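Take a look at the letters that make up each chain.
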Amino acid sequence: MSEEATLDEFVEESEKPEVSEPTVPDSWRVTRADELMEITRGASPRPKGDPELFGGDIPWVKIGDVDVKNARYTGDTEDTVTEKGAKKSKLVDSGTLLVSNSGTCGYPMFAGVQSCVHDGWLILRNYEDILNPHYLYEYIGWKQNYLKSLAPGSTQINLNTSRMGVLEINIPPLPEQRNIATVLYTIDRTIEKTEKIIEQLDTLKSGIVQKVFKEGTRNHESFQTTKSGEVPEEWELARFEEVITDTRYGTDTKSNTESNGYPTLRIPNVVNKRITVDDLKHTPLNSDEIERLVLKNGDILVIRTNGNPDYVGRCATFHERDEPFVFASYLIRVRVDESRVRPAYVREFLNSPRGRSEMAGWIRSSAGNYNLSVGSMEKFQIPIPSLEEQDEIVEKMAEVEKTIETNRDYRNSLHRLKQGLQQDLLSGTVRTTDTNIEVPNKIAQHG
């Protein structure tokens, strides 16, 4: 079956029920989880680190070992247990379905190999005569938010066996379960392939960044040594303050979610190294404040403070929009002398490993936050090629970034497609009964 197949190849619309409340098709039934399966909780040998219990050959799976939001199977584990430790934990076979029960709770996961399971997981067993495991995996993923709502707690929520047991599960005939699981699995496989492409492109971009800030884009023959590495001899070395024309901290006026003020860029709008205008808040400002804080085309916004040191110093350039935008107090606005440096070149340098290395010594920690001041930024050393070579460097970066963004957009559209299909297929609104679907062996071998 083609992984680019459309929904029309799989499914057909069922008749809409005439009742006001949603119902499942007549051939389906609905049953509580605790009536369908055995639900137990993993276990953690105590004391942690005891050499009689830990350090053996048996993997011990914790929540932190797994990317619960993206992975389907558990992989390598940080810890292992001995045979004695296994007796104080819960040993599961490869393919056993697990559900995270604390923190990021309600996410399904298959055990990749025979392993022991930490008490942060619930273990589901003895349902295969009624439910296809991959159908159940998709169903639990669909109900993740509902499961999370069942788990009380403000800081550390907990989904125990009894709360998991109240989940009502829609049960189509097994052939239809396999078809539904196949459609959703196909999308997951395409998402995984797209993720790998993005990873490869990120690696390619890292190589390009390293090369252009060391060798440039011209045939330079001689090089000079800077704090962050070699650069072409022809490039000018300048303190950042020599090319800055203006710096400002943003507004600390309280923003709101309503549109009765000026749209305000904050850390989330900058953190991915490009300006986004999603989830904007608005800030009421008087005329003097708006004149001081309004953003202009080419302004560089730098994250000046955050609890995550990896965020501090990241920057993005602002491109002028129809309405005026301002920026929050967690950001620094930098304007540069564009007769010497392109804002886009400065952005790429500051976000590069070379730029990050240059600023690392100037970031200070205080009260759990990491901070970068305007005064510190002015001390950075920045290599300055000719304007033409700056443009060439930015163009090289933009080419690969555009490809990365195209794949990210495609991946995000696949996630949205899957969410819609989960709702349609797992509720029975859309049926797969009269569709010829090639079911993969890993799905077909169950039920």
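Residues numbered from 1 in each chain as written. Predicted model: local features only at pLDDT ≥ 70, side-chain atom pairs only at ≥ 80, totals over all residues. Heavy atoms only, no water.

Quick look at the packing of aromatic side chains
Okay, step 1: Taken as a whole, this structure holds 9 aromatic pairs when the rule is applied.
Okay, step 2: Measuring from centroid to centroid gives 5.4 Å for Tyr-139 and Trp-142, while their planes differ by 80°, and the two rings are edge-to-face. One end of the pair is Tyr-139 and the other is Trp-142, both in helix H2 (residues 133–142) and 3 residues apart, which spans about a single turn. Like Trp-142, Tyr-139 is buried.
Okay, step 3: Measuring from ring centre to ring centre gives 5.6 Å for Phe-213 and Phe-349, while their planes differ by 70°; the resulting arrangement is edge-to-face. Of this pair, Phe-213 sits in helix H5 (residues 174–215) while Phe-349 sits in helix H7 (residues 343–351), placing them 136 residues apart in sequence. Take Phe-213 and Phe-349: they sit in the same class, and that class is buried.
Okay, step 4: By way of ring pairs, the aromatic residues Tyr-73, Phe-110 and Tyr-137 are connected into one cluster.
Okay, step 5: Over the ring of Phe-54 we find Lys-48, and its NZ or CZ is 5.1 Å from the ring centre. (Phe/Tyr/Trp six-rings, centres within 6.5 Å; stacked < 30°, edge-to-face > 60°. Helix = DSSP H or I, 4+ residues; strand = E, 2+ residues; numbered from the N terminus. Buried < 20%, exposed > 50% of the residue type's maximum accessible area, 1.4 Å probe, protein only. Lys NZ or Arg CZ within 6 Å of the ring centre and 35° of its normal.)

With respect to the nonpolar core
Okay, step 1: Ranked by size, the top nonpolar core spans 41 residues in total, and within it Met-37, Leu-124, Leu-131, Leu-136, Met-164 and Ile-169 carry the most contacts.
Okay, step 2: Of all the elements in the fold, those that place two or more residues in this core are strand S7 (97–100), strand S10 (121–125), H2, strand S11 (168–171), H5 and helix H10 (387–427).
Okay, step 3: When residues of this core are assigned to their parent elements, the largest contribution, 7 residues, is made by H5.
Okay, step 4: The residues contacting Leu-136, other than those within four sequence positions of it, are Met-37, Leu-97, Leu-124, Tyr-127, Leu-131 and Ile-169. (Core = buried A, V, L, I, M, F, W, Y, C linked by side-chain atoms within 4.5 Å. Contact = heavy atoms within 4.5 Å.)

Brief notes about the side chain of Glu-348
Okay, step 1: Mapped onto the elements of the fold, Glu-348 is located in helix H7.
Okay, step 2: Taking the relative accessible area as the measure of exposure, Glu-348 reaches 13% and is therefore buried.
Okay, step 3: Apart from residues lying up to four places away in sequence, Glu-348 is in contact with Phe-213 and Met-397.

Structural notes on the pairing of strand S18 (residues 300–303)
Okay, step 1: Of the two faces of S18, the one lined by Ile-300 and Val-302 and the one lined by Leu-301 and Ile-303 are each fully buried.
Okay, step 2: When S18 meets strand S22 (residues 331–336), the two strands line up antiparallel, connected through 4 bridges. Counterpart to Leu-301 in the pairing with S22 is Arg-333. (Pairing = 2+ DSSP bridges.)

What about the sheet that holds S10?
Okay, step 1: Strands sit in the order S3-S10-S7-S8 across an open sheet of 4 strands; the sheet is antiparallel. The sheet is open, and its two edges are formed by strand S3 (38–41) and strand S8 (108–110), each paired on a single side. Ignoring strand direction, the axes of neighbouring strands in this sheet form an average angle of 30°.
Okay, step 2: The pairing of S7 with S8 spans 3 bridges and is classified as antiparallel. Within the sheet, the bridge partner assigned to Leu-97 lies in S8 and is Phe-110.
Okay, step 3: Against the sheet, H2 makes contact with S7, S8 and S10, and its axis sits at roughly 150° relative to S8, the strand it touches most. (Axes fitted to C-alpha atoms, helices over the stretch in contact; angles between N-to-C directions.)

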